[in-house]
Amino acid sequence: MSEYDARGKVNRALLICVDDYRHLRPLPAVRDNPGELERVLLAPGTDLFTKGEVVICRPQEPWEVEQALDTVTQEARGLLLVYFSGHGRVGRDGGNLQLMVGASERRHKTVSWQDTVLSYLDNARADRIVIVLECCYAGNAGEAFHACRAPTSLLMAAQPNRRIFSGEEPTGGSVFTRALRQILEQGIPGKRFVTFEDLVRELRDQLAGERTPMGDVWEPRSAKQNTVDDVILSFATPGIRPPTPLRIRLRRRLNTSFRHWFRILMVLAIIAVPATAGVVLLNLPGAAVACPPALELRLLTAPEAEPALRQAAFDYEMSAANTRPLNGEGDLPDGCRRAQITVYSAAKDQVDQGFAAAGRWQGEAHGTGKDGPDDKGIDPLYRPGPQPDIWIPESTADYYEARRGMPAKGSPATLHYSAPVAYTPLVVGIPAHRRLDDVEPAGASWRELLTGTDRTHRDLRLLRPSPVLSGTGLLHTLGLYLAHDGSDAASSGAPDLTLARHAEERLSAPGSQYAGSTELLCSLRPDADAAGSVDRTQSAPLVSEKSLADYNLGRATGSCPALDAPLPLRNRYVAYYPRHVPALDHPLIRVDWYGTRDATPRQAAVAGFAAWLRAADGGQRTLTAQGYRGVHGTGPGAGSPLLDSRADISLLAPTVPFRADPDQVSQVLDGYDKAQKSSQVLILLDTSTSMADGGRLPTAVRAAGRVLEMVGTRHTYGLWAFPDRAHPTDADAVRELVPPGSADPAPGRAALNRIAGGELVEHGAAMEEALTRAVRRMKKSPATNKAIVLILDQDDGAGPQRAAGVERTLGTLVEERPEVPVLVLALGKNGCDTFALQRLADASHGQCVPGGPQAVDTLAGRIASIGTATKGDR
């Protein structure tokens, strides 16, 4: 996993601490927390924050917290650390966490975690945000946190629904903060620095012997949103600490000396004669920093590549290459950073839709965006994100597909293709203890791989990322169709549709597709416990070499955090390389937008970054260390995971460049589409008022909206809501908002907009009753392939009015033919960890997806496979 290093950037730490309350019990142990924590953060060993970057807030009124948040979110550019220590309160349902300030009463003058804190942090300009909550019920912050849009890591002092400290601990700070300070100040044995995930693990170990006031084990919890890499929080280490890099020391010294001289010049400007003052003021920079703000470039990429490109962007920002003058930028002081790069990611279909609706994308950025006739109701500014200056897709095939979807004329976006910046070959992962007989791992034809894994040989289930959602899935499909017999894919012409259908039969089964390589591999991890998860010993994932190496070595994979050690051999996969299948080539695409005022320096900045990425002593060093192969044909760089024998990859396998043309990519996608069967999905959405708590409703609506993005003439849907607003006391009633079989997403979007606007029902949601009705309806559907997508927070309809035996009836019904898989998105506190949801997913051959940062895309990957099921599926 890559680590984000914020040294040398403009960082801020906001320490909010409340020990003296007017209406609540005082917390004397909190009194020393801010001063001691500030001392640790500014210590030379920690080496992250400098004097003036740590702000202490002891609020008596809620507005003081808002004012402090507003200031630090505007100032921070690198790391923003927000820490709260004090009382916390929640509602009766465990939601709506409130942070209590000095004047707080039980229900008044409080600071809302969801509405206030997260709202400010969503508008922060920092690269990374880390939040530490040390208060009663801190663990309840996790649900609303999933609605956060910024790259954020959250540390909660304890598990949900727990009080944590009595406030009577010994002086010197509270128990949790004392442990936190010790780790940041002293480091961790065997570690060169302390990352966020290191801190969480160490805190759990140190507090394992402690008990909460309720007598439970004290267990800190953590969550991450919109980021899969780790954040360095301290460079303290028990070992010999390497010196701070010279470039960072020089930058800090330059910033400090400039601020000093700036104050002197301001005094001179005030006391000097008017003429002299005028000259001085004309030449003073407009901000109290060494250099004016750097030009911000936005880099859009795929989720799998995001961590590595974040690290590359940071390394470039700190390099000498980023201080060279840009064409058209005007006069800037020497040594100033020219560009600052923001990296974010989105699924392939979302990127395609964004470029197809580029007019709305640009219009939303300027506040003038409107739906066009072909926009399908998408919201590009929210998904995939702000309009990019650079796009680095997984492969050239993704670029061709995006170009195909853009209008021939009138688009404000122009895509300028340039050469690749890194390669990673495609592989098929075979369980280490089930290696294929007489098949060469470094160059087997797809025909040999299909035969070696069929029912008469290893009987392995092939799992592929969705070609609709993932560039890896698209390129695997292209290789499978065009290089089936091991010949060169570029010279094979149009794909054979009969071959495509046969190939898809091996890949098809409900839930067999995923949103990307890392999400697929995360579901196969030995520690994965999601209901309905596949048997990894009987599976062969179609992924990239880099992601498979990361998986085998126990590195962070998708939403799965890093492990302490590589996986044992029995749990690893061996990489087999399909012959003549092109590698992911990650081309760099410059995106120009019509009407951009600073187009010349922006284009120069993109060119500078692109040149550095391809330089052997620049970006290639960073990217190869992350596990990619270089663009110059050189071997893996120092520190590359590919050099570890436990990665189980083959350096003898060649890197095959992408040579297919746009017509072949289009033909492959058309062949894939024709190989699919028609499908019908019924969305069953919980619209009880409890869905409005903890940020669950936006996630639920967004997940249902993703289903609508996939509908068409051959893939239809229906939308039901429960309980029924017209019959709120009838447990069996559902509201049929859109009848099953609809191919028009407009009615569904309109219904979801009403629900998002608050059209909820003040009544418990009886999931079993509603689902029983839905299953009965879908059993009668004439569609060849069908499924139910159940989106709920929890089944809270149990009670004396529940019909006898409803759970038994539902269990029997889902097991009867025809099969109707139930795909569940569980947004409640327990996620999929309930017997009812686990049994439901297993019995229906469906899947349960717990709420979390990747939940919507994970569910989309499962939905994408509904149309692939055939009678021969296992």
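Residues numbered from 1 in each chain as written. Predicted model: local features only at pLDDT ≥ 70, side-chain atom pairs only at ≥ 80, totals over all residues. Heavy atoms only, no water.

**Regarding the pairing of strand β17 (residues 426-431)**
So, step 1. Along β17, six of the six residues are buried, which leaves the element largely enclosed by surrounding structure.
So, step 2. Of the two faces of β17, both are covered, the one formed by Leu426, Val428 and Ile430 as well as the one formed by Val427, Gly429 and Pro431.
So, step 3. Where β17 and strand β20 (residues 539-544) come together, three bridges link them in antiparallel fashion. Paired with Val428 across the strands is Leu542, a residue of β20. (Buried < 20%, exposed > 50% of the residue type's maximum accessible area, 1.4 Å probe, protein only. Helix = DSSP H or I, 4+ residues; strand = E, 2+ residues; numbered from the N terminus. Pairing = 2+ DSSP bridges.)

**A word on helix α14 (residues 471-482)**
So, step 1. Here α14 is 12 residues long and its end C-alpha atoms lie 16 Å apart, about the 16 Å a rise of 1.5 Å per residue gives.
So, step 2. Burial analysis of α14 places 12 of its 12 residues in the buried class, which makes it a mostly covered element.
So, step 3. Three or more residues of α14 are buried, namely Gly471, Thr472, Gly473, Leu474, Leu475, His476, Thr477, Leu478, Gly479, Leu480, Tyr481 and Leu482.
So, step 4. Sitting at the head of α14, Ser470 places a side-chain oxygen 3.1 Å from the backbone nitrogen of Thr472. (Expected span 1.5 Å × (residues − 1). Polar contact = N/O pair within 3.5 Å; in protein donor to acceptor, adjacent residues only side chain to side chain.)

**A look at the packing of helix α2 (residues 62-75) against helix α3 (residues 113-122)**
Packed helix pairs are specified by the crossing angle of their axes together with the interaxial distance, meaning the distance between the axes.
So, step 1. Packing of α2 against α3 brings their axes to within 9 Å, and their N-to-C directions diverge by 15 degrees. Regarding the angle of α2 to α3, the classification is roughly parallel. Every pair of crossing elements has a handedness; the one defined by α2 and α3 is right-handed. Here α2 contributes Glu66, Leu69, Asp70 and Thr73 to the contact with α3, which in turn contributes Thr116, Val117, Tyr120 and Leu121.
So, step 2. A breakdown of the residues in the contact of α2 with α3 according to their chemical character gives four nonpolar, two polar and two charged. (Axes fitted to C-alpha atoms, helices over the stretch in contact; angles between N-to-C directions. Parallel < 35°, antiparallel > 145°, perpendicular 65-115°, else oblique. Left-handed = near helix turned anticlockwise from the far one by under 90°. Contact = heavy atoms within 4.5 Å. Nonpolar A, V, L, I, M, F, W, Y, C, P; charged D, E, K, R; others polar.)

**Notes on unusual backbone geometry**
So, step 1. Residue Pro723 is bonded to the preceding Phe722 through a cis peptide linkage, with omega at -5 degrees.
So, step 2. With respect to the helices and strands, the residue Pro723 is situated in the loop between β24 (715-722) and β25 (735-742).
So, step 3. Within the chain, Asp459 stands out as a residue other than glycine whose phi angle is a positive 50 degrees.
So, step 4. Note on placement: Asp459 falls in the loop between α13 (446-452) and β18 (461-465).

**Considering the packing of aromatic side chains**
How two aromatic rings sit relative to each other is given by the distance of their centres and the angle of their planes.
So, step 1. As enumerated under the stated definition, the model contains 10 aromatic pairs in all.
So, step 2. Judged by centre distance (6.4 Å) and plane angle (15 degrees), the ring pair of Phe609 and Trp612 falls under stacked. Here Trp612 and Phe609 lie together in helix α18 (residues 599-614), a separation of three residues that amounts to about one turn. Trp612 carries the same exposure label as Phe609, and that label is buried.
So, step 3. Put simply, the rings of Tyr399, Tyr400, Tyr417 and Phe658 pair up and form one aromatic cluster.
So, step 4. One Lys or Arg, Arg7, reaches over the ring of Phe235 and ends 3.7 Å from the middle of that ring.
So, step 5. Above the face of the Tyr4 ring, Arg128 is positioned so that its terminal group lies 4.6 Å from the ring centre. (Phe/Tyr/Trp six-rings, centres within 6.5 Å; stacked < 30°, edge-to-face > 60°. Lys NZ or Arg CZ within 6 Å of the ring centre and 35° of its normal.)

**Thoughts on the sheet that holds strand β22 (residues 587-593)**
So, step 1. Strand order in the open sheet made by the five strands is β14-β13-β15-β22-β16, with mixed pairing throughout. Two strands in the sheet have a free side with no partner beyond their single neighbour: β14 (339-345) and β16 (413-420). Ignoring which end each strand starts from, the neighbouring axes of this sheet average 25 degrees apart.
So, step 2. In this sheet, β22 lies alongside strand β15 (residues 390-392) in antiparallel orientation, the contact comprising two bridges. If you follow Trp391 over to β22, its bridge partner there is Ile589.
So, step 3. Seen against the sheet, helix α12 (residues 396-405) touches β15, β16 and β22 and runs at an angle of roughly 165 degrees to β16.
So, step 4. Where α18 meets the sheet, its contacts fall on β13 (295-301), β14, β15, β16 and β22, and the angle it forms with β13 comes to roughly 55 degrees.

**Focus: the environment of Val72**
So, step 1. Take Val72: it is sitting in helix α2.
So, step 2. Overall, Val72 belongs to the buried group, its relative accessible area being 1%.
So, step 3. Along the backbone, Val72 and Glu53 are 19 residues apart, and their C-alpha atoms lie at a distance of 9.1 Å.
So, step 4. Setting aside residues up to four positions removed in sequence, Val72 forms contacts with Arg12, Leu14, Val55 and Leu80.

**Some thoughts on the environment of Val428**
So, step 1. Inspection of the secondary structure assignment puts Val428 in strand β17.
So, step 2. With a relative accessible area of 1%, Val428 lands in the buried category.
So, step 3. With 34 residues separating them in the primary sequence, Val428 and Leu462 have C-alpha atoms 8.5 Å apart.
So, step 4. Excluding residues within four positions of it along the chain, Val428 makes contact with Trp446, Leu449, Ala540, Pro541, Leu542, Val574, Ala575, Tyr576 and Pro578.

**Description of the pairing of β18**
On a regular strand, one side chain projects to one face of the sheet and the next to the other, so that they alternate.
So, step 1. For β18, the buried fraction is high: four of the five residues fall into the buried class.
So, step 2. Both β18 and β20 contribute to a ladder of three bridges, which runs parallel. Pairing of Arg461 across the sheet is with Ser539, part of β20.
So, step 3. Relative to strand β19 (residues 513-514), β18 runs parallel, the two being bridged by two bridges. Bridging from a neighbouring strand, Arg464 pairs with Gln513 of β19.

**Some thoughts on the confidence of the model for the protein**
So, step 1. Counting all residues, the mean pLDDT for the protein is 81, and 84% of those residues have values of 70 or more.
So, step 2. Element-level pLDDT for the protein is lowest in helix α8 (residues 274-283), with a mean of 37, against a maximum mean of 96 in β15.
So, step 3. With pLDDT under 50 throughout, residues 869-874 is counted as low confidence; its partners more than four residues away or in other chains account for 19 contacts. (pLDDT = per-residue confidence, 0-100.)

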